[in-house]
Amino acid sequence: MQARSSMNALKKMDIILAKVIRDGKARSIPSEQLAPGDLIPLEAGDIIPADGRLITVNRLQCDESSLTGESLPSDKTIDALTENTVVGDQHNMVFKGTSVINGSGKMLVTGIAANTQLGTITSLVESSADTATPLDKKLNKLSRKLIWITIGMTAIFAVTGFIQGKAVLTIIETSIALAVAAIPEGLPIVATVALSYGMLLMARRNAIVKKLSAVETLGSTGVILTDKTGTLTENKIYADTFAFRDETVKVHIENNLLIFPEGEIKLSTENFDKLLLTGVLCNNALIETEDGDKRTKFSGDPVEVALLKIAIAEGLDTDALKKQYVRIAEVPFSSEMMMMGTLHQSPSGKFAAAKGSVERLLEKCRQVQSGAAIKTLDSETRKAILLKSTQMAAGGLRVLAFAYRPGKLINEHNYMDDMIYVGMAGFLDPPRIDIKGAILNCRNAGIKIVMITGDHPQTALNIARTVGLIDESDKNVITGKELPKSGSLTKAWIKKILNTAVFARASPGQKLEIAGVFQKAGFIVAMTGDGVNDAPALKKADVGIAMGIRGTQVAKETASIILKDDSFTSIAEAVAHGREIFQNIQKFVVYLISCNLSEIFIVTVLGIITPGATLLPLQILFLNMVTDIFPALALGLGTGDKTVMKEPPRDPKKNIITNKGWLVIALYSAAITSAVVIAVVYCKDVLHADDKVCNNVAFITLTFAQLFHVFNMSSDDSGFLKNEITRNKFVWIALFICSALAFMVFAIPGMRLVLDLSVLPFKLWAITIAISLLPLVVIQSYKAVRKMNKQKD
């Protein structure tokens, strides 16, 4: 179903009208009619209708974030590529489904339909098989165990019955009763309601669950494979660092004001002013206004938008500056020049502004600004600037240099010569504010966080260190180019992948393979993503988590959970809630199985010692479908242990009930069975009651023993009167409903007839209910003694 939804979402991306030049004439045709070799003109705002090779470009930039995961736009060229270049570095190609955000160009169609990058992802989504959830596997194993227990108990009873010479009909009736007792009819209902309630609570925590079993599966997660852009980071480009000749400062914008977190500018105020002026003038980003002067939207290159935001936060009127400095010439950015320049006319004369690659711009500079002074740009200063640029880039920043030139003698031919170098700016997509604490919580809970991004390795490492995903000294990163081809991973490579937390320049197929490596190693894998490129891995993972705000429709359709706020913090909270839900599931499974197992024991024991008093199939079915379900539901709706995120993930290979758990269940069942047998024996031997009355006593004792048994589900370290069970309002509601139903079946003649019950005296009711309290008293006394011994140790 998810694969079909994802396919439909991918197909919607196909419905694009394409401008094509055929026979020298331009026309618009549906994109599905394109053919390899078609010539397509590209302009800002276009959605690219096919994969293609660029043949001309003019400042062409494309947003490929949904395909590669990289926040910054891809600058396009027509230069030839080296062999085995990953998609994110194929700068002479454009890809279907991405968009043109700047410039223009022309492309020759090289791939359509299935032969595009989008088509490759489609086939990967189709080929990714759904995996059975951990809860499904555990419940299936549990059912098989109960079947074998039933067969064993039935065989014991049948052999004993034949030896004792019992009637064949009695043996058959008791065998049917055993079969009914063995099947926990309420288990699927209770599990579904508990998971549905979990869905509701997770929706309140910004996680919309599309697939019911994902609630519990998320709690079993041992590895989270996360994208960088938009999940760990804000997916917005900001200026982070300004480096001048005499000092370097950090900046950020807070409440529309420019903040210097590590100290104000002391020596380079004039540099900063000139850099902002240059950044505003040498800039093609636009500010769209609505409702008077209220600025609402920026459009254009994200770096240029970041420059305008810094200027506005510093109090500059960018519109007034552009009117004061009228642009009269422009040298657009190109991959050959690696810089952009503009010439302006102002009342005081001409002013040239330039920005671009540090190396290339320094070649155009003869002087450097140092505060209010203008100095000669000597070789030592040049080397120091280049070294600082390298250091900033190594920290994951995108670095641009800025220069200017004032003067009346400047003309359109020489305005980018003899410039004055003013400084550099470093830009980044910053981490989310709350991300570090969320990752720390996950790591403390034993969950491995792995970043898989299409971004540059150094940028990925820098973000990983900043958010606490890896240690400061960790330099281990694997790029998509380094990974072996699909299906050829050696044991050494598998070990390396399992020990790596950062993957960069990864393709959709490689994300899929990395998820598979962790799954084969025994981990329950959660995968986050927002782009088209994430869809195959989202489907392959045990839990696919898509971003609700930024996520593409394809990613949302493929995933089993959608985050409303795109925040990794919501993932950490959802994992904690998933663990709490599993605790509740364990409690009600133990409760239901111990109740069912006690029924098997009771039918077997009574069938041997007093066949006429044994429970009837309809009586057992009533207990399983009515009085067992409500307390189990109440357990499923309870609040879990709040320390769940301090424990490591559960071993997915372990059954929902461990060997120790089965021992506990057996003891619980034995206690309940003993109470019922005591009540029947007392009734038969002391009160000399007939078989029907003894049967009714067994029914009442078992009913209330099972109801009181719900209080035995409290944790070992909790108190008897104050614990998570007694604080659960649903438990008290369930006990009231079940008690009322128990009395009702005796009060209504029709119900008495169906269940073969009779009216019993008050004294007998009091005796049976008192005896039904014995299992609770015995088990709670044992827990109290055990707790005291622990405290002594």
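No experiment lies behind these values; they were computed from the predicted model shown.

Calculation notes
- Residues numbered from 1 in each chain as written.
- Predicted model: local features only at pLDDT ≥ 70, side-chain atom pairs only at ≥ 80, totals over all residues.
- Heavy atoms only, no water.
- Helix = DSSP H or I, 4+ residues; strand = E, 2+ residues; numbered from the N terminus.
- Rg over C-alpha atoms; globule rule 2.2 N^0.38 Å.
- Buried < 20%, exposed > 50% of the residue type's maximum accessible area, 1.4 Å probe, protein only.
- Areas by Shrake-Rupley, 256 points an atom, 1.4 Å probe, with all protein chains shown as cover.
- Lys, Arg positive; Asp, Glu negative; His and termini not counted.
- Charge placed at Lys NZ, Arg CZ, Asp CG, Glu CD.
- Pairing = 2+ DSSP bridges.
- Contact = heavy atoms within 4.5 Å.
- Axes fitted to C-alpha atoms, helices over the stretch in contact; angles between N-to-C directions.
- 1 Å grid on protein atoms, 1.4 Å probe; cavity = no way out; pocket = protein on both sides within 12 Å on 5 of 7 lines; lining within 4 Å.
- Points joined across faces, edges and corners; volume = space filled by probe spheres on them.
- Nonpolar A, V, L, I, M, F, W, Y, C, P; charged D, E, K, R; others polar.
- Patch = residues over 30% accessible without salt bridge, like charges linked within 9 Å, V, L, I, M, F, W, Y side chains within 5 Å.
- Salt bridge = Lys/Arg side-chain N within 4 Å of Asp/Glu carboxyl O.
- Polar contact = N/O pair within 3.5 Å; in protein donor to acceptor, adjacent residues only side chain to side chain.
- Core = buried A, V, L, I, M, F, W, Y, C linked by side-chain atoms within 4.5 Å.
- Disulfide = S-S within 2.5 Å.
- Phe/Tyr/Trp six-rings, centres within 6.5 Å; stacked < 30°, edge-to-face > 60°.

Any details on the overall build of the protein chain? Residues and values, ideally.
Scanning the protein chain from terminus to terminus reveals 27 helices and 28 strands. For 793 residues, the compact-globule estimate of 2.2 N^0.38 gives 28 Å, and the C-alpha radius of gyration of the protein chain, at 36 Å, exceeds that figure by more than 25%. Viewed in the frame of its principal axes, the protein chain has a C-alpha envelope of about 125 × 65 × 55 Å. Per-residue burial for the protein chain yields a buried fraction of 54% across its 793 residues. Approximately 34600 Å² of the protein chain is accessible, and the part contributed by carbon and sulfur atoms is 59%. Across the protein chain, the 86 positively charged side chains and the 77 negatively charged ones have centroids separated by 4 Å.

Describe the sheet that holds strand 25 (residues 502-504), listing the residues and the values that go with them.
One open sheet accounts for eight strands, arranged 8-28-27-26-9-23-25-24; its pairing is mixed. Pairing within the sheet leaves two strands with one partner each, and these edge strands are strand 8 (207-209) and strand 24 (478-479). Where strand 27 (residues 543-547) and strand 28 (residues 561-563) come together, three bridges link them in parallel fashion. The residue bridging isoleucine 545 from the neighbouring strand is isoleucine 561, located in strand 28. Contacting strand 8, strand 9 (223-226), strand 23 (448-452), strand 26 (525-529), strand 27 and strand 28, helix 19 (residues 568-609) runs over the sheet at an angle of about 160 degrees to strand 9.

So what's going on with the layout of surface pockets? Residues and values would help.
One number sums up the size of the largest pocket: a volume of about 1800 Å³. Every element with two or more residues in the lining of the largest pocket is listed here: helix 19, helix 22 (659-686) and helix 27 (774-792). In terms of residue count, the dominant contributor to the lining of the largest pocket is helix 22 (eight residues). Per-class residue counts for the lining of the largest pocket are 17 nonpolar, eleven polar and 18 charged.

Break down the pairing of strand 27 for me, with residues and values.
Of all five residues that make up strand 27, five are buried, and the element is covered over most of its length. Taking every second residue as pointing to the same face, both faces of strand 27 are buried, with Val543, Ile545 and Met547 on one and Gly544 and Ala546 on the other. In the sheet, strand 26 pairs with strand 27 via four bridges, with the strands oriented parallel. Counterpart to threonine 528 in the pairing with strand 27 is isoleucine 545.

Which residues make up a negative patch on the surface, and what values go with them?
Taken together, the side chains of Glu264, Glu270, Asp273 and Glu314 present a region of like negative charge at the surface. Within the secondary structure layout, glutamate 264 lies in the loop between strand 13 (257-259) and helix 8 (269-281).

How would you summarise the side chain of threonine 500 if you had to cite specific residues and measurements?
Looking at where threonine 500 falls in the secondary structure, it is placed in the loop between helix 15 (491-498) and strand 25. Side chain to side chain, threonine 500 and asparagine 476 meet in a polar contact 3.1 Å long. Among the polar contacts listed, one links the side chain of threonine 500 to the backbone oxygen of lysine 496, at a separation of 2.6 Å. Once residues lying within four places of it in the same chain are set aside, the contact partners of threonine 500 are Lys448, Val450, Asn476 and Ile478.

Would you mind going over a nonpolar patch on the surface in detail, with residue names and values included?
Side chains of Ile189, Val193, Leu618, Leu621, Met625 and Val754 sit close together on the surface and give an oily, nonpolar patch of about 460 Å² of accessible area. Elements represented by at least two residues in the nonpolar patch include exactly helix 6 (186-204) and helix 20 (617-627). Sorting elements by how many residues they give to the nonpolar patch places helix 20 first, with three residues. For isoleucine 189, the position within the fold is in helix 6. On the accessibility criterion, isoleucine 189 (38% relative accessible area) is partly exposed.

Please give an account of the pattern of salt bridges that cites residues and values.
All chains considered together, the criterion is met by 14 salt bridges. Three or more residues are tied together by salt bridges with common partners; here these are Lys19, Glu43 and Asp46.

If you had to explain the nonpolar core to someone new, which residues and values would you point to?
Inside soluble globular proteins, nonpolar side chains tend to come together where they are buried. Counting 119 residues, the largest nonpolar core has Phe568 and Phe588 as its most contacted members. In terms of residues, this core owes the most to one element, helix 19, which gives 21 residues. Filtering out sequence-adjacent residues up to four positions away, phenylalanine 588 remains in contact with Leu187, Val190, Ala191, Ala194, Ala632, Leu635 and Gly636. Counting 38 residues, the second-largest nonpolar core is a separate cluster that includes Ile237, Ala239, Ile265 and Tyr325.

Describe the state of the cysteines, and please don't skip the residues or the numbers.
In the structure shown here, the tally under the stated rule is zero disulfides. For the unlinked cysteine cysteine 683, the closest cysteine sulfur is that of cysteine 694, found at 3.9 Å.

Please set out unusual backbone geometry residue by residue, giving values where relevant.
In the Ramachandran plot, aspartate 418 falls in the positive-phi region, its phi being about 55 degrees despite a non-glycine side chain. In this fold, aspartate 418 is placed in the loop between strand 21 (398-407) and strand 22 (419-428). Judged by its relative accessible area of 43%, aspartate 418 is partly exposed.

How would you sum up the packing of aromatic side chains? Please name residues and give values.
Considering all chains together, one arrives at 15 aromatic pairs under this definition. An angle of 75 degrees between the planes, with centres 4.9 Å apart, marks the rings of phenylalanine 746 and tryptophan 765 as edge-to-face. Of this pair, phenylalanine 746 sits in helix 24 (residues 729-747) while tryptophan 765 sits in helix 26 (residues 762-772), placing them 19 residues apart in sequence. The exposure class of phenylalanine 746 is buried, given its relative accessible area of 7%. Its relative accessible area of 11% is what places tryptophan 765 among the buried residues.

Break down the pairing of strand 18 (residues 349-356) for me, with residues and values.
Counting buried positions along strand 18 gives seven out of eight residues, so the element sits mostly inside the fold. Of the pairings in the sheet, the one linking strand 17 (residues 339-346) to strand 18 comprises eight bridges and is antiparallel in character. Paired with methionine 339 across the two strands is glycine 356, which belongs to strand 18. Two successive antiparallel strands, strand 17 and strand 18, enclose a turn made up of two residues.

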